[in-house]
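# What the coordinates show
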Amino acid sequence: MRKILIAGNWKMHKTQAESQEFLQAFIPEITNTNIDPDEERGIILCPTFTSLGLMSKTLHGSRVRLGAQNIHWEDSGAYTGEVSGAMLTELGVSYAIVGHSERRLYFGETDETVNLRLKAAQRHTLIPILCVGETKAQRDAGKVEAIIENQLQKALVDIDQSNLVIAYEPVWAIGTGDTCEAKEANRVIGFIRSQLTNADVSIQYGGSVKPSNVDEIMAQPEIDGALVGGASLEAASFARLVNYQL
Ligand code: 13P
């Protein structure tokens with residue numbers, strides 16, 4: 001069954017102290033929710049590496065899972081600045097974002113390194129959240145499907161699709177306030193699903209998701225969750241996203 005997953009990607013925001021402050025405000029907001037507890041609505045927070053350890057302790061026993069924002073493909077070695085799967089699982093991390101467009105754009109991430117990182121995550125029993133999506137120029141050129149098909153084909157070589165989440169993040173909608181129209185996001189996510197061998201993979205939408213548009217986005221039949229940047233940084237705002245109403 002496809003699981004609903006609302007994830008916050010904090011990018012390079014929040015010190016440990018600020019992360020703890022967020023949790024103190026956020027946890028009561030999700031405890032006092034009137035959402036049916038039988039309804040599967042997973043909550044994931046992906047802070048910086050430096051906040052993972054402390055947040056893991058604070059969140060122990062809660063329904064919030066932790067995700068890393070990246071993972072290296074080797075288990076150890078001379079890779080300055082990188083973090084391995086074992087280092088993440090030791091901290092109680094369950095997910096790892098792989099191939100975010102900011103990694104592709106600023107840090108030279110390619111479809112090949114994305115594939116290696118996905119494999120490493122699965123080898124360490126982490127569930128990877130694979131990000132795919134087109135730029136504005138690619139969309140304007142009518143290449144949405146071709147770009148995404150190519151990203152998926154290369155990323156998913158030898159990847160177990162029963163242990164995978166995908167996020168459709170159109171690059172032009174990230175951090176711009178310019179959300180992809182809900183029906184269009186639904187259409188592209190349906191296309192992504194048509195490229196998979198496992199129909200049960202949860203596929204999130206990401207790109208300027210906020211309290212004012214989350215209900216419409218989550219009402220779309222193909223969309224199984226959201227990967228949220230800016231609107232996940234403030235406890236009340238992220239709680240509103242988690243408690244979206246249909
Ligand atoms: P925004 O929600 O800030 O647009 O960021 C989306 C994103 O990149 C999540 O990974």
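Residues numbered from 1 in each chain as written. Predicted model: local features only at pLDDT ≥ 70, side-chain atom pairs only at ≥ 80, totals over all residues. Heavy atoms only, no water.

## With respect to the nonpolar core
Counting 64 residues, the largest nonpolar core has Phe-26, Leu-130, Ile-166 and Tyr-205 as the members making the most contacts within it. Top element by residues in this core is helix H8 (residues 182–194). It accounts for six residues. If sequence neighbours within four positions are ignored, Tyr-205 has contacts with Tyr-168, Pro-170, Ala-173, Thr-179, Cys-180, Ala-185, Ile-189, Ile-217, Ile-223, Gly-225, Ala-226 and Leu-227. Leu-5, Tyr-95, Ile-129 and Ala-167 belong to the second-largest nonpolar core, a separate cluster that totals eleven residues. (Core = buried A, V, L, I, M, F, W, Y, C linked by side-chain atoms within 4.5 Å. Buried < 20%, exposed > 50% of the residue type's maximum accessible area, 1.4 Å probe, protein only. Helix = DSSP H or I, 4+ residues; strand = E, 2+ residues; numbered from the N terminus. Contact = heavy atoms within 4.5 Å.)

## A closer look at the environment of Ile-129
Within the element layout of this structure, Ile-129 appears in strand E5 (residues 127–132). Given the relative accessible area of 0%, Ile-129 is considered buried. Apart from the residues within four sequence positions on either side, Ile-129 is in contact with Ile-44, Tyr-95, Ala-96, Ile-97, Val-98, Val-165, Ala-167, Gln-204 and Leu-227.

## Considering the state of the cysteines
For the coordinates displayed, the defined rule picks out zero disulfides. Left unpaired, Cys-131 is separated from the closest cysteine sulfur, that of Cys-46, by 9.2 Å. The exposure class assigned to Cys-131 is buried, which follows from its relative accessible area of 2%. (Disulfide = S-S within 2.5 Å.)

## Things to note about the pairing of strand E3 (residues 64–68)
Most of E3 sits out of view: four of its five residues are buried. Relative to E3, strand E2 (residues 41–46) runs parallel, the two sharing three bridges. Bridge pairing in E3 places Leu-45 opposite Leu-66. With helix H2 (residues 49–59) bridging E2 and the parallel E3, this β-α-β connection has right-handed handedness. Here E3 pairs with strand E4 (residues 95–98) via two bridges, running parallel. Counted as the bridge partner of Gly-67 is Tyr-95 from E4. (Pairing = 2+ DSSP bridges. Right-handed = clockwise from strand over helix to strand, strands pointing away.)

## Describing the pairing of E2
Most of E2 is tucked away, with six of its six residues classed as buried. Judged by which residues are buried, E2 turns out to be covered on both faces: Arg-41, Ile-43 and Leu-45 on one side and Gly-42, Ile-44 and Cys-46 on the other are all buried. Note that strand E1 (residues 4–9) and E2 share six bridges and pair parallel. Paired with Asn-9 across the two strands is Cys-46, which belongs to E2.

## Some points on the site of the ligand
Lining the immediate environment of the ligand, one finds 13 residues, of which Lys-11, His-100, Gly-175, Ser-208 and Gly-230 sit closest. Lys-11 has a polar side-chain atom sitting 2.9 Å from an oxygen atom of the ligand. With respect to the ligand, the side chain of Glu-169 contributes an N or O atom lying 2.9 Å from an oxygen atom. Expressed as a share of its isolated accessible area of 310 Å², the protein-covered part of the ligand is 94%. (Near = heavy atom within 4 Å. Polar contact = N/O pair within 3.5 Å; in protein donor to acceptor, adjacent residues only side chain to side chain. Areas by Shrake-Rupley, 256 points an atom, 1.4 Å probe, with all protein chains shown as cover.)

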